[in-house]
Amino acid sequence: MGSLFYFPFIVVSKQTIRVGHSPDSDDAFMFYALAKDKLDTGPYEFVHELVDIETLNRRAFHGELELTAVSVHAYAYLNDVYALCNCGASMGDQYGPILVELASPHPKNAPMRIAIPGELTTAFLVLKLYLAKEGRTNVELIKVPFDQITEAVQSGQYDAGLIIHEGQLTYKQEGLKLIADLGVWWTEQTGLPLPLGANAIRRDLPGQTISDVVRLLHRSIKFALENRESALDYALEYGRGLERSDADKFVGMYVNDWTLDFGDVGRQAVKELLQQAYEHGIVPKRVVPEFIFPT
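Keep in mind the model is a prediction, meaning the values are calculated, not measured.

## Some details on empty space enclosed by the protein
No. 1: With the rule as written, the count across this model stands at one cavity of 30 Å³ or more.
No. 2: One number sums up the size of the largest cavity: a volume of about 350 Å³.
No. 3: Together, 25 residues line the largest cavity, and Ile53, Ser90, His165, Leu196 and Gly197 are the ones closest to its centre.
No. 4: Sorting elements by how many residues they give to the lining of the largest cavity places strand S11 (residues 194-202) first, with four residues.
No. 5: Of the residues in the lining of the largest cavity, the class split is twelve nonpolar, ten polar and three charged.

## What about the side chain of Thr68?
No. 1: Residue position: Thr68 is located in strand S3 (residues 67-71).
No. 2: Excluding residues within four positions of it along the chain, Thr68 makes contact with Gly20, Leu56, Ala60, Tyr82, Ala198, Asn199 and Ala200.

## Focus: the pattern of salt bridges
No. 1: Inspection of every chain in the model, using the stated rule, returns 18 salt bridges.
No. 2: Residue Glu140 pairs with Arg113 through a salt bridge whose shortest N-O separation is 3.5 Å. Of this pair, Glu140 sits in strand S8 (residues 139-143) while Arg113 sits in strand S7 (residues 112-116), placing them 27 residues apart in sequence.
No. 3: The class of Glu140 is partly exposed, set by a relative accessible area of 41%.
No. 4: The class for Arg113 is partly exposed, based on a relative accessible area of 32%.
No. 5: In this structure, Arg228 and Asp248 form a salt bridge, with 2.9 Å as the shortest nitrogen-oxygen distance. Here the residue Arg228 occupies a position in helix H10 (residues 228-235), and Asp248 occupies one in helix H11 (residues 244-254), the gap between them amounting to 20 residues.
No. 6: Here Asp248 falls in the partly exposed class, since its relative accessible area comes to 27%.

Conventions we followed
- Residues numbered from 1 in each chain as written.
- Predicted model: local features only at pLDDT ≥ 70, side-chain atom pairs only at ≥ 80, totals over all residues.
- Heavy atoms only, no water.
- 1 Å grid on protein atoms, 1.4 Å probe; cavity = no way out; pocket = protein on both sides within 12 Å on 5 of 7 lines; lining within 4 Å.
- Points joined across faces, edges and corners; volume = space filled by probe spheres on them.
- Helix = DSSP H or I, 4+ residues; strand = E, 2+ residues; numbered from the N terminus.
- Nonpolar A, V, L, I, M, F, W, Y, C, P; charged D, E, K, R; others polar.
- Contact = heavy atoms within 4.5 Å.
- Salt bridge = Lys/Arg side-chain N within 4 Å of Asp/Glu carboxyl O.
- Buried < 20%, exposed > 50% of the residue type's maximum accessible area, 1.4 Å probe, protein only.

Structure representation (structure tokens):
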């Protein structure tokens, strides 16, 4: 009887890349290919952590995640820990976070309580710039979870609310009135789109890992745009009740050509926003953003 030979399986461990993004339809759309194993990720295993953007901003201070969505505002405090990926932007091209109220226009000099989604969001930064430009000084800003702001304004707890995410499309249905679209306002002031969010990669990773991960992020975005219907099916799981047509519109607002590449204009918009934040004393230091390009 011949000898039996056993050939053990060789297990090759993969490097874990923890990636953080919001549980929103646009982020889900962007990461569809990576989340659903549509790409060959080579030696990397992507583990997704879905939490709200303000939590991601706070966690980024500790460098917890290798790849994470961040607000451009938060990046001003994080540029020594993370670099910006040149892909993965959420850009408001003459639209963006909105300031809404329930009743008729609030008297300009009257005290005003505004519910905001977090002090590190770009929405908060641009609101501060807007209030300064408009000369509104008698204002109290109160942090409220982003998905509770609409209801809080409806109930009269606050005079106004700063709305991000899908509420930008549905506020009229909720009986709210627009005070200002901060994306429109920013473009009127600067001639630039409003850079709201980005993906950032941790600086202490090996150079090859940084290059590979940014390239895979770019491929994921490109795959979703080229396979829109299946990516949208996945994104609808995170649409918080949006109709498919509204979800498609919302995804199109924030996952598009700007997301594939900030471009010269988009990169200039980031520089301008961070410069204005510094000049107005909103952030403590002047930050020149660094972008990592997919290769």
